[in-house]
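One letter stands for each residue in the lines below.
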Amino acid sequence: MKLRSGGQFVVAVIFVLIGSMLLLVNLGMISMEIDEAFVFLYPFVILLLGLKWLLEAMFTKGRRGNWFMGLFLSVIGGLLVGDRLGFMEFRFEQILNLWPLLLVYIGIRMLWGRGPKITVNRKKKHSKSNFVTDVSMKDDNWHVEDMDEWNGVADFDFDYTRAFIPDKETTIQLGGWVGDIKILIPEDVEFCVTSNTKVGDIKIGNYKKDGLLKEAKYKTEGYDEATRKLTFDFKFQVLDLKINRV
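Described below are features of the structure shown in this document.

Cut-offs and rules
Residues numbered from 1 in each chain as written. Predicted model: local features only at pLDDT ≥ 70, side-chain atom pairs only at ≥ 80, totals over all residues. Heavy atoms only, no water. Salt bridge = Lys/Arg side-chain N within 4 Å of Asp/Glu carboxyl O. Helix = DSSP H or I, 4+ residues; strand = E, 2+ residues; numbered from the N terminus. Buried < 20%, exposed > 50% of the residue type's maximum accessible area, 1.4 Å probe, protein only. Patch = residues over 30% accessible without salt bridge, like charges linked within 9 Å, V, L, I, M, F, W, Y side chains within 5 Å. Areas by Shrake-Rupley, 256 points an atom, 1.4 Å probe, with all protein chains shown as cover. Phe/Tyr/Trp six-rings, centres within 6.5 Å; stacked < 30°, edge-to-face > 60°. Lys NZ or Arg CZ within 6 Å of the ring centre and 35° of its normal.

## Looking at the pattern of salt bridges
Alright, step 1. Overall, the coordinates contain nine salt bridges when judged by the stated rule.
Alright, step 2. Of the charged contacts in the structure, one is a salt bridge between arginine 228 and aspartate 188, with a shortest N-O distance of 3.4 Å. With arginine 228 in the loop between strand S8 (215–219) and strand S9 (229–245) and aspartate 188 in the loop between strand S5 (169–185) and strand S6 (190–204), this pair connects stretches of sequence that are 40 residues apart.
Alright, step 3. The exposure class of aspartate 188 is exposed, given its relative accessible area of 55%.
Alright, step 4. Residue glutamate 190 pairs with arginine 245 through a salt bridge whose shortest N-O separation is 4.0 Å. Taken together, the positions of glutamate 190 in strand S6 and arginine 245 in strand S9 put the pair 55 residues apart, joining distant regions of the chain.

Here it is in structure tokens:
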């Protein structure tokens, strides 16, 4: 069975869960309003997405596993599911109490290592606001333009080494709840990154920062003088960001 990308997986699970819930409502087996159904179901989506990324990182060859996002979302989703099923009480306001997960994450990385990566060559249109988006910009000579998007769950894969980058400052603003972003940038292109996130794993070349974050900034040496440059501004609650120059 072919595993889908993070965004496609979430969409599929949402359809299955909502469809199943509405079917039970229509058959009179349960009684629940639409808003109540959403509040009840979304923790299961978070849990399944986290488990998918975690299992990919652990067992699947040739896939894009994600230790940090998988562990974080699995725990958050599991606690929320426990709350919905009445086994315990947990609210998003308690998320800071989960800081020991950082120690667990570091230990797992030392024992197991990070999961393998996958490269997907697919061009997909995307709008300025979506609940879930999965975008790969890797076609030859794709045109780089300003972006300003908000997405609930976002999976972005940009290869600027294969793009036409105009001789000006191009601004890419991305925000949402959960972001998984991978970027390749040519050595001769200057760039700047500003990230605002509550929890993150950020790697930009040799620059690394993870854990409970508020703001992270990175700027290449020739950015201020350059005319052709990329300016990234990321605002996510949870962010896994990797940028490499090649």
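Here the narrative resumes.
## Structural notes on a nonpolar patch on the surface
Alright, step 1. Residues Leu96, Trp99, Leu103 and Leu212 make up a contiguous nonpolar surface patch of about 460 Å² in total accessible area.
Alright, step 2. Relative to the elements of secondary structure, leucine 103 occurs in helix H4 (residues 101–111).

## Quick word on the environment of valine 104
Alright, step 1. Mapped onto the fold, valine 104 is located in helix H4.
Alright, step 2. Exposure remark for valine 104: the relative accessible area of 41% places this residue in the partly exposed category.
Alright, step 3. Considered as a pair, valine 104 and leucine 71 are 33 residues apart in the sequence and their alpha carbons are 8.9 Å apart.

## Focus: the packing of aromatic side chains
Alright, step 1. Under the definition given, this model contains ten aromatic pairs.
Alright, step 2. Note on tyrosine 160 and phenylalanine 232: the rings are 6.0 Å apart at their centroids and 65 degrees apart in plane angle, and the pair reads as edge-to-face. Here phenylalanine 232 lies in strand S9 and tyrosine 160 lies in the loop between strand S3 (147–159) and strand S4 (163–164), a separation of 72 residues in the sequence.
Alright, step 3. Here tyrosine 160 falls in the buried class, since its relative accessible area comes to 1%.
Alright, step 4. Looking at phenylalanine 232, the relative accessible area reads 1%, which means it is buried.
Alright, step 5. Through pairs of rings, three or more aromatic residues link up here, namely Trp142, Phe156, Phe158, Tyr160, Phe191, Tyr207, Tyr218, Phe232 and Phe234.
Alright, step 6. Sitting over the ring of tyrosine 223, lysine 229 keeps its end group 4.4 Å from the ring centre.

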